[in-house]
Amino acid sequence: METTFPYEVPQREIYRYLGYKQEVPQENVLQKIESCKANLFRDVTPKAIWQYYDITWQDANTFLLDGIPVCSKNLSRNIADCHRICLLAVTLGPMPDRYIQKAEVTAMSDAVIYQAISAAMIESYCNYINDLIRKEAAEEDYFLRPRFSPGYGDFPLEFQRQIGDLLQMSKKIGITLKDSLLMMPSKSVTALIGLSTTDSNCHREGCEICNKSATCAFRRI
Ligand code: SF4
């Protein structure tokens, strides 16, 4: 079946989201994965928006972003020497939620598979956009720190509201926030990325799998 999702999605990541560690699923599960993948790859149209901002530090744990105070010890450590950041919002759009909700009624095991594939897809798409931002930043001699999302460590989940307002993410890419701060579509991500003039050689997928995390002064948590 023809697919249109043009970003590499590692099969191993799908297995991992399904709870498989090193082993490969049985043939019947593999077939189901392929048919759910074909549906999602054909129907999902991902979208992203990002903007750069200068920030002003107030103290070691607080900076001003477009006049908004942001207070987080974990985030501030991660972007400690940065005076410029990128705000980012990405989404897979409504189709994964539609497939998941439909499967929850007809075949729960399919819903689990749709969840796993779409989780791997949003991660892949984030990495793809991250690489675009890395190239843009490099043109101005900046290097990226890893993505840091609201709700991670002590960076308040409420900051998703500010990101939503600053990026106009509802109007521009269709992400809305519920009162609970959950995003709709559910396969959406917001994040802040520090731009530094120092190259820390950060791992694109973050500090958890970076081989420098034991000694790095900027590690996320
Ligand atoms: S631990 Fe690695 S990825 Fe994290 S801030 Fe340090 S160098 Fe970057």
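**Q** Break down the layout of surface pockets for me, citing the residues and quoting the values.
**A** Within this model, the largest pocket holds a volume of roughly 520 Å³. What lines the largest pocket is a set of 20 residues, among which Glu-123, Arg-147, Glu-205, Glu-208 and Arg-220 lie closest to the centre. When residues of the lining of the largest pocket are traced back to their parent elements, those giving at least two are helix H5 (108–139) and strand E8 (188–196). Considering every element that reaches the lining of the largest pocket, the biggest residue donor is E8, with three residues. Its residues placed into classes, the lining of the largest pocket shows nine nonpolar, four polar and seven charged. As for the second largest pocket, its lining consists of Tyr-7, Glu-8, Pro-10, Glu-13, Ala-120, Glu-123, Ser-124, Asn-127, Tyr-128, Asp-131, Arg-204 and Glu-205. Counting residues per element, the lining of the second largest pocket draws most heavily on H5, which supplies six residues. Tallied by class, the residues present in the lining of the second largest pocket amount to four nonpolar, two polar and six charged.

**Q** With reference to specific residues and values, describe the packing of aromatic side chains.
**A** Going through the model one piece at a time under the given rule, you end up with 11 aromatic pairs. Seen from their ring centres, Tyr-125 and Tyr-128 are 6.3 Å apart, and the 20° between their planes marks the pair as stacked. A residue pair is termed a helical-turn pair when its members lie 3 or 4 positions apart in one helix, as Tyr-125 and Tyr-128 do in helix H5 at three residues. Residue classification places Tyr-128 among the partly exposed positions, given a relative accessible area of 34%. Their ring planes at 40° and their centres at 5.3 Å tell us that Phe-155 and Phe-159 sit as a pair that is tilted. Judged by relative accessible area, Phe-155 falls into the buried class, the value being 1%. When its relative accessible area of 5% is taken as the criterion, Phe-159 is described as buried. Three or more aromatic residues link up through ring pairs in this structure, and these residues are Phe-5, Tyr-7, Phe-41, Tyr-125 and Tyr-128. Here Arg-16 stacks its cationic end above the ring of Tyr-17, 4.8 Å away from the centre of that ring. Note that Arg-145 overlies the ring of Phe-218, its terminal NZ or CZ placed 3.7 Å from the centroid.

**Q** Run through unusual backbone geometry, naming residues and quoting values.
**A** The omega torsion of the bond from Met-184 to Pro-185 falls at -5°, within 30 degrees of zero and hence cis. Its identity is not glycine, yet Asp-66 carries a phi of approximately 55°, on the positive side. With respect to the element layout, Asp-66 can be found in the loop between strand E2 (62–65) and strand E3 (68–71). Classification of Asp-66 as exposed rests on a relative accessible area of 51%. Positioned with a positive phi, Gln-168 is a non-glycine residue whose angle comes to about 50°. For Gln-168, the location among the structural elements is in the loop between helix H6 (159–167) and helix H7 (169–173). Classification of Gln-168 as partly exposed rests on a relative accessible area of 37%.

**Q** How would you sum up the side chain of Ser-124? Please name residues and give values.
**A** Mapped onto the elements, Ser-124 comes out in helix H5. The exposure class assigned to Ser-124 is buried, which follows from its relative accessible area of 9%. In this structure Ser-124 touches Glu-8, Val-9 and Pro-10, once residues within four positions along its chain are discounted.

**Q** Summarise the pairing of E3; cite the residues concerned and give the values.
**A** The pairing of E2 with E3 spans four bridges and is classified as antiparallel. Counted as the bridge partner of Leu-64 is Pro-69 from E3. Linking E2 back to E3 in an antiparallel pair, the connection comprises two residues, with Asp-66 at a positive phi of about 55°.

**Q** Help me get a handle on the sheet that holds E8, residues and values and all.
**A** Either a parallel or an antiparallel arrangement is found when strands of a sheet pair, and the pairing is made through backbone hydrogen bonds. Ordered by their spatial adjacency, six strands build an open sheet running E3-E2-E1-E4-E8-E5, and the pairing between neighbours is antiparallel. Two strands bound the open sheet, and with one partner strand each, they are E3 and strand E5 (143–144). Running at roughly 60° to strand E1 (residues 47–59), H5 makes contact with E1, strand E4 (84–91), E5 and E8 of the sheet.

The rules behind the values
Residues numbered from 1 in each chain as written. Predicted model: local features only at pLDDT ≥ 70, side-chain atom pairs only at ≥ 80, totals over all residues. Heavy atoms only, no water. 1 Å grid on protein atoms, 1.4 Å probe; cavity = no way out; pocket = protein on both sides within 12 Å on 5 of 7 lines; lining within 4 Å. Points joined across faces, edges and corners; volume = space filled by probe spheres on them. Helix = DSSP H or I, 4+ residues; strand = E, 2+ residues; numbered from the N terminus. Nonpolar A, V, L, I, M, F, W, Y, C, P; charged D, E, K, R; others polar. Phe/Tyr/Trp six-rings, centres within 6.5 Å; stacked < 30°, edge-to-face > 60°. Buried < 20%, exposed > 50% of the residue type's maximum accessible area, 1.4 Å probe, protein only. Lys NZ or Arg CZ within 6 Å of the ring centre and 35° of its normal. Contact = heavy atoms within 4.5 Å. Pairing = 2+ DSSP bridges. Axes fitted to C-alpha atoms, helices over the stretch in contact; angles between N-to-C directions.

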